[in-house]
Amino acid sequence: MDIQLEIRDLTVAIDEVEILHGINLTVPKGEVHAIMGPNGSGKSTLSQAIFGHPKYAITGGSINFKGQDIVALAPDKRANLGLFLAFQSPNAVPGVKISTFLKQAVNARRRATDPDAKVLKIREYRELLEGTMDTLHMKREFADRYLNDGFSGGEKKKSEILQMAVLNPDIAVVDEIDSGLDVDALRVVAAGINTLREQNQMGVLIITHYPRILKYIEPDAVHIMMDGNIVNSGDKSLAHKIEEQGYDWLRA
Ligand SMILES: Nc1ncnc2c1ncn2[C@@H]1O[C@H](COP(=O)(O)OP(=O)(O)O)[C@@H](O)[C@H]1O
Ligand SMILES: [Mg+2]
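Residues numbered from 1 in each chain as written. Chains lettered and ligands numbered in written order. Predicted model: local features only at pLDDT ≥ 70, side-chain atom pairs only at ≥ 80, totals over all residues. Heavy atoms only, no water.

Chemist: Is there a simple way to think about the overall build of the chain in this case?
Modeler: Counting its regular elements, the chain contains seven helices and ten strands. In the chain, of all internal contacts separated by at least 6 residues, the share reaching a separation of at least 24 is 68%. In the structure as shown, the chain presents an accessible area of about 12200 Å², 48% of it carried by carbon and sulfur atoms. Of the side chains in the chain, 29 bear a positive and 34 a negative charge, and the two mean positions are spaced by 6 Å. (Helix = DSSP H or I, 4+ residues; strand = E, 2+ residues; numbered from the N terminus. Contact = heavy atoms within 4.5 Å. Areas by Shrake-Rupley, 256 points an atom, 1.4 Å probe, with all protein chains shown as cover. Lys, Arg positive; Asp, Glu negative; His and termini not counted. Charge placed at Lys NZ, Arg CZ, Asp CG, Glu CD.)

Chemist: Which parts of the structure should I look at to understand the sheet that holds strand 10 (residues 229–234)?
Modeler: Hydrogen bonds between backbone atoms are what pair the strands of a sheet, whose relative direction is either parallel or antiparallel. Strand order in this open sheet of six strands is 6-7-8-3-9-10, and the pairing throughout is mixed. Unpaired on one side and paired on the other, strand 6 (83–86) and strand 10 mark the two borders of the sheet. Taking the axes of each pair of neighbouring strands and ignoring which way they run, one obtains an average angle of 20 degrees across the sheet. In the sheet, strand 3 (residues 32–36) pairs with strand 9 (residues 221–226) via four bridges, with the strands oriented parallel. What sits directly across from histidine 33, in strand 9, is alanine 221. Relative to the sheet, helix 1 (residues 43–51) contacts strand 3, strand 6, strand 7 (171–175), strand 8 (203–208) and strand 9, its axis offset from that of strand 6 by approximately 140 degrees. (Pairing = 2+ DSSP bridges. Axes fitted to C-alpha atoms, helices over the stretch in contact; angles between N-to-C directions.)

Chemist: In this structure, what is going on with the nonpolar core? I would like to understand it.
Modeler: A general trend in soluble globular proteins is that nonpolar side chains are found buried together. Leu162, Met164, Ile193 and Ile224 are the most contacted members of the largest nonpolar core, which has 49 residues in total. Look past the residues within four positions of isoleucine 193 in its chain and what remains in contact with it is Ile161, Met164, Val174, Ile177, Met202, Val204 and Ile217. Grouped together as the second largest cluster of nonpolar side chains are 23 residues, Ile7, Leu10, Ile35 and Leu83 included. (Core = buried A, V, L, I, M, F, W, Y, C linked by side-chain atoms within 4.5 Å. Buried < 20%, exposed > 50% of the residue type's maximum accessible area, 1.4 Å probe, protein only.)

Chemist: What should I look at first to understand the sheet that holds strand 1 (residues 3–14) in this one?
Modeler: Strand order in the open sheet made by the four strands is 2-1-4-5, with antiparallel pairing throughout. The two strands at the open ends of the sheet, each matched to only one other strand, are strand 2 (17–28) and strand 5 (68–69). Contacts from helix 1 reach strand 1, strand 2 and strand 4 (56–65) within the one sheet, and its direction differs from that of strand 1 by about 115 degrees.

Chemist: Got a minute to help me understand the packing of helix 4 (residues 122–135) against helix 5 (residues 153–167) in this structure?
Modeler: To describe two helices that pack against each other, one gives the angle between their axes and the distance between the axes. Where helix 4 meets helix 5, the closest approach of the two axes is 10 Å, and the angle between their N-to-C directions is 125 degrees. Compared by their axis directions, helix 4 and helix 5 come out oblique. Of the two possible hands of crossing, helix 4 and helix 5 adopt the one that is right-handed. Only Leu162, Ala165 and Val166 of helix 5 make contact with helix 4, whose side of the interface consists of Leu129, Thr132 and Met133. Split into classes, the residues belonging to the contact of helix 4 with helix 5 amount to five nonpolar, one polar and no charged. (Parallel < 35°, antiparallel > 145°, perpendicular 65-115°, else oblique. Left-handed = near helix turned anticlockwise from the far one by under 90°. Nonpolar A, V, L, I, M, F, W, Y, C, P; charged D, E, K, R; others polar.)

Structure, rendered in structure tokens:
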């Protein structure tokens, strides 16, 4: 089994208050793992710690990604290794088209993987972008829109899925992507993630309060977080149980 993300005994503090108390999590290549739990249980703290947000201090344990401890790496270095944190993207960027923004991101990732990599030629990049958009059933005009400028909630997610697709990460961490999405937008997002999972063997860590998204993106494993600990793990039936019974039965 090819393990890509391995978190061991991870403790994380915000402003010197310990929020995560020793998380263990193993995600093999291409698997989809869901982290569920009530509000305030520490789910977003885990996603921010994986991505290296400076406010989230790692006080113990390790985060190993593709055989390398990434705890000391800056967020952009983690991204260049093939980690993608979805749906935290910046606000509107005046005058920057999606296609331009993505080109810079793709070239940065290529250089990080191979210092000798040449900047993609215009035609090579066009082919990559258009091929990716076709795979995701997106209209090509979408790439000519200015990034996040006047985007609806659904369009924002769509641009993030496109970003995810061209960057082709090994693992995407998606934190509460379904909040505020109508069913149609949720379907587009889920279809994009499922395509990348099937075609590129992308692994996914889906962080969610509600089981709804897991009807569209079927997890290989489900982990329940309560008060900064993973208290239960199982297969997708665990998500069904949460849907029916909530979280109370897990409280000590
Ligand atoms: N920026 C912050 N400053 C101080 N406390 C925080 C901050 N972010 C989260 N917390 C606290 O950490 C705990 C876990 O929060 P969070 O990881 O956001 O939970 P979840 O994503 O599961 O709802 C909560 O008790 C919350 O109040
Ligand atoms: Mg959260």
